[in-house]
Amino acid sequence: MTKLVARLILAMLILPVAGAVFLFMAFAIFGNTGPPSALSLSLMWLVEYAVIGTYWVLLWRSTVRWTRERLLGTFGVTLAALLCGGIGAGFIVEVSHEDIALGILVGGGLVPIVWVFGTVLVWKETSQERFERVKSYGTDTVSCPVCGYNMTGLKEARCPECGGSFTVDELLTAQQNREEELEQS
Ligand SMILES: [Zn+2]
């Protein structure tokens, strides 16, 4: 099993892990006193966010290039996720005739969903970063001008990943331009 396959399996397991932690807290810690109160639900979500955040960051930390923009983006995603949870909770409280516990239960669940989606978008390698990474393998490489896929050794000038189709001179010009950009930066 390669590292990437292991990471993908662990990424898929985040949902069952989070669900198991939530059920454990609901039944083992807060379950004896009837339906959980708004306070215990809030505490459960806080623990849940800590578990999901730690799990996700530890899983992808070494594969993400932590630029300033990415750190700021991650902070923005966290705020946006909390905001979505707040709006969702407010909406549920409104339509359920002031059932605050239900609002927290449902709204709280939106936060990790929005956060995980957001981090995927923010942490994803840009095509320029991919270009630089491919470039660092060796000097004689040709990358896709659109997505940065390593097209070295292909028998046709069509990117197998994004489907972009180019002429040979377009590929060479794009490669030169990017290399010049890289030298200037
Ligand atoms: Zn491509």
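Quick notes on the rules
Residues numbered from 1 in each chain as written. Predicted model: local features only at pLDDT ≥ 70, side-chain atom pairs only at ≥ 80, totals over all residues. Helix = DSSP H or I, 4+ residues; strand = E, 2+ residues; numbered from the N terminus. Rg over C-alpha atoms; globule rule 2.2 N^0.38 Å. Expected span 1.5 Å × (residues − 1). Buried ≥ 20, exposed ≤ 12 C-beta atoms within 10 Å, placed from the backbone. Contact = placed C-beta atoms within 7 Å. Axes fitted to C-alpha atoms, helices over the stretch in contact; angles between N-to-C directions. Parallel < 35°, antiparallel > 145°, perpendicular 65-115°, else oblique. Left-handed = near helix turned anticlockwise from the far one by under 90°. Nonpolar A, V, L, I, M, F, W, Y, C, P; charged D, E, K, R; others polar. Core = buried A, V, L, I, M, F, W, Y, C linked by C-beta atoms within 7 Å. Domains from an automatic or database assignment.

Draft legend 1. The arrangement of the overall build of the protein chain in detail. Broken down by element type, the protein chain carries 7 helices and 0 strands. Reading the protein chain from its N end, one meets helices and strands in the order α-α-α-α-α-α-α. Here the C-alpha atoms of the protein chain give a radius of gyration of 23 Å, more than 25% beyond the 16 Å that 2.2 N^0.38 yields for 185 residues. Projected onto the principal axes, the alpha-carbon positions of the protein chain cover approximately 70 × 35 × 30 Å.

Draft legend 2. The arrangement of helix 4 (residues 68-95) in detail. End to end, helix 4 covers 41 Å across 28 residues, agreeing with the expected 40 Å (1.5 Å per residue, within 8%). Where helix 4 is concerned, the buried positions are V77, A81, G85, G88 and A89. Of the surrounding secondary structure, the elements contacted by the buried residues of helix 4 are helix 5 (100-123). Count one or two residues on from helix 4 and you reach H97, which has phi positive near 55°.

Draft legend 3. Region of interest: unusual backbone geometry. Its identity is not glycine, yet H97 carries a phi of approximately 55°, on the positive side. Among the secondary structure elements, H97 is positioned in the loop between helix 4 and helix 5. In this model, E98 sits at a positive phi of 70°, which is unusual for a non-glycine residue. Mapped onto the secondary structure, E98 falls in the loop between helix 4 and helix 5.

Draft legend 4. Region of the structure containing the packing of helix 2 (residues 14-29) against helix 3 (residues 38-60). It is at 10 Å that the axes of helix 2 and helix 3 come closest, and there the two elements cross at 155°. When the axes of helix 2 and helix 3 are compared, the pair comes out roughly antiparallel. The way helix 2 lies across helix 3 gives a crossing that is right-handed. Of helix 3, the residues touching helix 2 (which contributes I14, V17, A18, V21, F22, M25 and A26) are M44, V47, E48, V51, I52, Y55 and W56. Here the contact of helix 2 with helix 3 is built from residues that sort into 13 nonpolar, no polar and 1 charged.

Draft legend 5. Structural detail: the nonpolar core. The biggest cluster of nonpolar side chains holds 7 residues, and these are M25, L41, M44, W45, A89, I104 and L105. Among the elements of the structure, helix 3 and helix 5 are those that each provide at least two residues to this core. The element that contributes the greatest number of residues to this core is helix 3, accounting for 3 residues. In this structure I104 touches A38, L41, S42 and A89, once residues within four positions along its chain are discounted.

Draft legend 6. Inspection of the packing of helix 4 against helix 5 at higher detail. The geometry of helix 4 relative to helix 5 is characterised by a closest axis approach of 7 Å and an angle of 155° between their N-to-C directions. With respect to their mutual orientation, helix 4 and helix 5 come out roughly antiparallel. Read as a crossing pair, helix 4 and helix 5 show a hand that is right-handed.

Draft legend 7. Main features of the environment of R65. Examined against the element boundaries, R65 turns out to sit in the loop between helix 3 and helix 4. In sequence terms R65 and E98 are 33 residues apart; their C-alpha atoms lie 44 Å from each other. Each residue touching R65, except ones within four places of it in the same chain, is listed here: R70 and E129.

Draft legend 8. Inspection of the domain arrangement of the protein chain at higher detail. Per the domain assignment, the segments of the protein chain are domain 1 (3-124) and domain 2 (128-184). Taking the mean C-alpha position of each, domain 1 and domain 2 sit 38 Å from one another.

Draft legend 9. The arrangement of the environment of P36 in detail. Here P36 lies in the loop between helix 2 and helix 3. Taking C-alpha positions, P36 is 54 Å from P145, a pair spaced 109 residues apart along the chain. Among all residues touching P36, those that are not within four sequence positions of it are A26, F30, L41 and A101.

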